[in-house]
Amino acid sequence: MTANTFPSGLYGITPEWHDAERLQQAVALACEGGMRVLQWRQKTMPPEQARTIAASLRAICRATGVLFIVNDDWQLALELDADGVHLGKNDAAIATVRAQLQQRAQAPLLIGVSCYDSLELADSAMQEQADYIAFGALFPSMVKPDAVRAPLSLFQAVRKPAGAQRKPAMVGIGGINRQNAHLAVEAGADSIAVITGLFGEPDIRSAAAYYASLFEQRASPSS
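Keep in mind that this is a model prediction, so the values were computed, not measured.

### Thoughts on the UniProt feature "binding site: 4-amino-2-methyl-5-(diphosphooxymethyl)pyrimidine" (unreviewed entry) in the chain
So, step 1. When the UniProt feature table is mapped onto this chain numbering, "binding site: 4-amino-2-methyl-5-(diphosphooxymethyl)pyrimidine" (unreviewed entry) sits at Gln39, Trp40, Arg41, Gln42, Lys43, Asn71, Ser114 and Lys144. Considered against the largest pocket, the annotated residues that line it turn out to be Gln39, Arg41, Lys43, Asn71, Ser114 and Lys144.
So, step 2. Position of tryptophan 40 relative to the elements: it lies in strand S2 (residues 37–40).
So, step 3. Accessibility expressed as a relative area gives 4% for tryptophan 40, which makes it buried.
So, step 4. Those residues within four positions of tryptophan 40 in sequence are excluded, and the remaining contacts are Thr14, Leu23, Met45, Ala50, Ile53, Ala54, Leu57, Phe68, Ile69, Val70, Asn71 and Leu76.

As structure tokens, this is what we get:
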């Protein structure tokens, strides 16, 4: 794991919008509402346009103290001076990314890994010292309607590997919205990753504040 720690709270993921100004405004509002991390995820935008917009969002996050994570592409993460990279099953292995990072001068990247509904994948990611592991889809997802469903019980089933100082942070993703987000938090998720339930809301700042409040309530249950 890196020296940095993946924070608890709201983890926003960018929607598939191509309008730079719309994305910038939305991300700024989410930051104001209490978002702790933003993931740049873009599957349909031309690479040069994507790089330019991602850099502008990275600047917004840096100015507001929000971590900036790049989906899939660790090389782009380094180019943008991102805080981390998120790896899926078809992306580079954690060991490969760390080996490449050792040859570079930049600060270490946080590395997160999709574990879907699999404790085996989670165990493997923890052995490779991932900074966070993500389970999902927890609920029916508009973004990935065919995604495998992951039970909420996975958060309690994760065990710290022998010899490890700590477990990585556990992220819940998939279909999370105002109606069900509390279930993921109550089940033990350290962070919830939200796309439509955040950026598809008419009041993005308010939505972000609501999700952030769920973690504040868990930290202060007697308040």
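### Quick word on the nonpolar core
So, step 1. Core analysis: the biggest nonpolar cluster contains 64 residues, and Trp40, Phe68, Ile192 and Leu198 have the highest contact counts within it.
So, step 2. Core analysis: the second largest hydrophobic core is formed by 13 residues, Val37, Tyr132, Ala193 and Ile195 among them.

### Examining the packing of helix H1 (residues 20–33) against helix H9 (residues 204–219)
So, step 1. Contact pair H1 / H9: the axes reach a minimum separation of 7 Å and the direction vectors enclose 35 degrees. Crossing hand, H1 versus H9: right-handed. Taken together, the residues of H9 that come into contact with H1 (itself represented by Ala26, Leu29, Ala30, Glu32 and Gly33) are Ile204, Arg205, Ala208, Ala209 and Ala212.
So, step 2. The residue inventory of the contact of H1 with H9, partitioned by class, reads seven nonpolar, one polar and two charged.

### Notes on helix H2 (residues 47–64)
So, step 1. Taking 1.5 Å of rise per residue, 18 residues should cover 26 Å, and H2 covers 26 Å from first to last C-alpha, within 8% of that figure.
So, step 2. Listed as buried for H2 are Ala50, Ile53, Ala54, Leu57, Arg58, Ile60 and Cys61. Seen from one end, H2 has its buried residues packed into an arc of 160 degrees, which puts them on one side. What points out from H2, more than 90 degrees from its buried face, is the exposed set Glu48, Thr52, Arg62 and Ala63.
So, step 3. Tucked inside the fold, the buried residues of H2 contact H1, S2 and strand S3 (67–71).
So, step 4. Just downstream of H2, glycine 65 is the residue with a positive phi angle, here 75 degrees.

### A closer look at the pattern of salt bridges
So, step 1. Counted under the stated rule, the structure contains nine salt bridges.
So, step 2. Between glutamate 32 and arginine 205 there is a salt bridge whose closest N-O contact spans 2.6 Å. Within this pair, whereas glutamate 32 is found in helix H1, its partner arginine 205 is found in helix H9, the two being separated by 173 residues in sequence.
So, step 3. Its salt-bridge partner being arginine 62, residue aspartate 81 comes within 2.4 Å of it at the nearest N-O pair. Separated by 19 residues along the polypeptide, aspartate 81 in the loop between helix H3 (74–79) and strand S4 (84–87) and arginine 62 in helix H2 bring together distant segments of the chain.
So, step 4. Residue classification places aspartate 81 among the partly exposed residues on the basis of a relative accessible area of 40%.
So, step 5. Each of Glu48, Arg51 and Glu79 takes part in a single network of salt bridges with overlapping partners.

### Some words on the environment of phenylalanine 68
So, step 1. Mapped onto the fold, phenylalanine 68 is located in strand S3.
So, step 2. Residue class for phenylalanine 68 comes out buried when judged on its relative accessible area of 0%.
So, step 3. Separated by 133 residues in sequence, phenylalanine 68 and glutamate 201 have C-alpha atoms that sit 21 Å apart.
So, step 4. The residues touching phenylalanine 68, leaving out its near neighbours within four places in the chain, are Leu38, Trp40, Ala54, Leu57, Arg58, Cys61, Leu80, Ala82, Asp83 and Gly84.

### A few points about the UniProt feature "binding site: Mg(2+)" (unreviewed entry) in the chain
So, step 1. Under the present numbering, the feature "binding site: Mg(2+)" (unreviewed entry) in UniProt falls on Asp72 and Asp91. Despite a sequence span of 20 residues, these residues sit close together in the fold, their greatest C-alpha distance being 6.0 Å. The subset of these annotated residues that lines the largest pocket comprises Asp72 and Asp91.
So, step 2. In this structure, aspartate 72 sits in the loop between S3 and H3.
So, step 3. According to the relative accessible area criterion, aspartate 72 is partly exposed, its value standing at 25%.
So, step 4. Those residues in contact with aspartate 72, other than ones at most four positions away along the chain, are Lys43, Val85, His86, Leu87 and Asp91.
So, step 5. At a separation of 2.4 Å, a polar atom in the side chain of aspartate 72 contacts the side chain of lysine 43.

Thresholds applied
Residues numbered from 1 in each chain as written. Predicted model: local features only at pLDDT ≥ 70, side-chain atom pairs only at ≥ 80, totals over all residues. Heavy atoms only, no water. UniProt positions renumbered as here; feature names shortened; annotations may be inferred. 1 Å grid on protein atoms, 1.4 Å probe; cavity = no way out; pocket = protein on both sides within 12 Å on 5 of 7 lines; lining within 4 Å. Helix = DSSP H or I, 4+ residues; strand = E, 2+ residues; numbered from the N terminus. Buried < 20%, exposed > 50% of the residue type's maximum accessible area, 1.4 Å probe, protein only. Contact = heavy atoms within 4.5 Å. Core = buried A, V, L, I, M, F, W, Y, C linked by side-chain atoms within 4.5 Å. Axes fitted to C-alpha atoms, helices over the stretch in contact; angles between N-to-C directions. Left-handed = near helix turned anticlockwise from the far one by under 90°. Nonpolar A, V, L, I, M, F, W, Y, C, P; charged D, E, K, R; others polar. Expected span 1.5 Å × (residues − 1). Arc of directions from axis to C-beta. Salt bridge = Lys/Arg side-chain N within 4 Å of Asp/Glu carboxyl O. Polar contact = N/O pair within 3.5 Å; in protein donor to acceptor, adjacent residues only side chain to side chain.

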